[in-house]
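Chain by chain, the residues run as shown.
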Amino acid sequence: EDPLRPDAEEEAVHILIDEDFHQLKTDVVVIVRLFAPIASEFEEQLEYHETSPPSEAQRKKDADDENLKARFIVLVLGPKSAGEPGRHTEMGMAAAALLQDDAVVRSLYEAASASALLATIDQRLSAMRVLPHTSRPTQRAVRRRASRMYQQLAELRRV
């Protein structure tokens, strides 16, 4: 079972990105709070190789994904820029990171007005520290790091 899988009562947040929205002159980020959560069907759809049908576990996971309901949708729209490829994806990742903060999520639920919501987000952003970009390690890299750590632990035990 996936430990990061949301509980049945949790709501999802969908972040939709259009990196080539040429009708706009500047970037726009919109946070939509729906009155009630909906099954949006925005979840990513996995493509299965034609020769290998999905496993029972994958079918169960896909069925669970269909049951995820979302109350919040974040739209990141803007014109394409040759000088900054992927900036909209980075903006979406920043929104996802911001929405991991319980205080921000609570404010999203409780905000009586758009200005109250913006004030909370602004306050949180001003208190944040920016760290360098990191990447998601591959399984091979994780195994190599683990091997090095075990070697270092073995050396420490010998001392």
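Our subject is the structure that appears above.
Residues numbered from 1 in each chain as written. Predicted model: local features only at pLDDT ≥ 70, side-chain atom pairs only at ≥ 80, totals over all residues. Heavy atoms only, no water.

(A) A look at a positive patch on the surface. Together, R140, R143, R144, R145 and R148 line one region of the surface with positive charge. Note on placement: R148 falls in helix 5 (residues 139-158). Here R148 falls in the partly exposed class, since its relative accessible area comes to 44%. (Patch = residues over 30% accessible without salt bridge, like charges linked within 9 Å, V, L, I, M, F, W, Y side chains within 5 Å. Areas by Shrake-Rupley, 256 points an atom, 1.4 Å probe, with all protein chains shown as cover. Salt bridge = Lys/Arg side-chain N within 4 Å of Asp/Glu carboxyl O. Lys, Arg positive; Asp, Glu negative; His and termini not counted. Charge placed at Lys NZ, Arg CZ, Asp CG, Glu CD. Helix = DSSP H or I, 4+ residues; strand = E, 2+ residues; numbered from the N terminus. Buried < 20%, exposed > 50% of the residue type's maximum accessible area, 1.4 Å probe, protein only.)

(B) Local environment of helix 4 (residues 114-127). Taking 1.5 Å of rise per residue, 14 residues should cover 20 Å, and helix 4 covers 20 Å from first to last C-alpha, within 8% of that figure. Listed as buried for helix 4 are L117, T120 and I121. All buried residues of helix 4 project into a common sector of 95° when viewed along the axis, lining one side. The exposed residues of helix 4 that point more than 90 degrees off its buried face are S115, L118, D122, Q123, S126 and A127. (Expected span 1.5 Å × (residues − 1). Arc of directions from axis to C-beta.)

(C) Here's a closer look at the packing of aromatic side chains. Tallied over the full model, the rule gives one aromatic pair. With 5.0 Å between their ring centres and 85° between their planes, F72 and Y109 make a pair best called edge-to-face. Here F72 is found in strand 3 (residues 70-77), whereas its partner Y109 is found in helix 3 (residues 102-110), with 37 residues between them in sequence. (Phe/Tyr/Trp six-rings, centres within 6.5 Å; stacked < 30°, edge-to-face > 60°.)

Keep in mind these values describe shape, not function.
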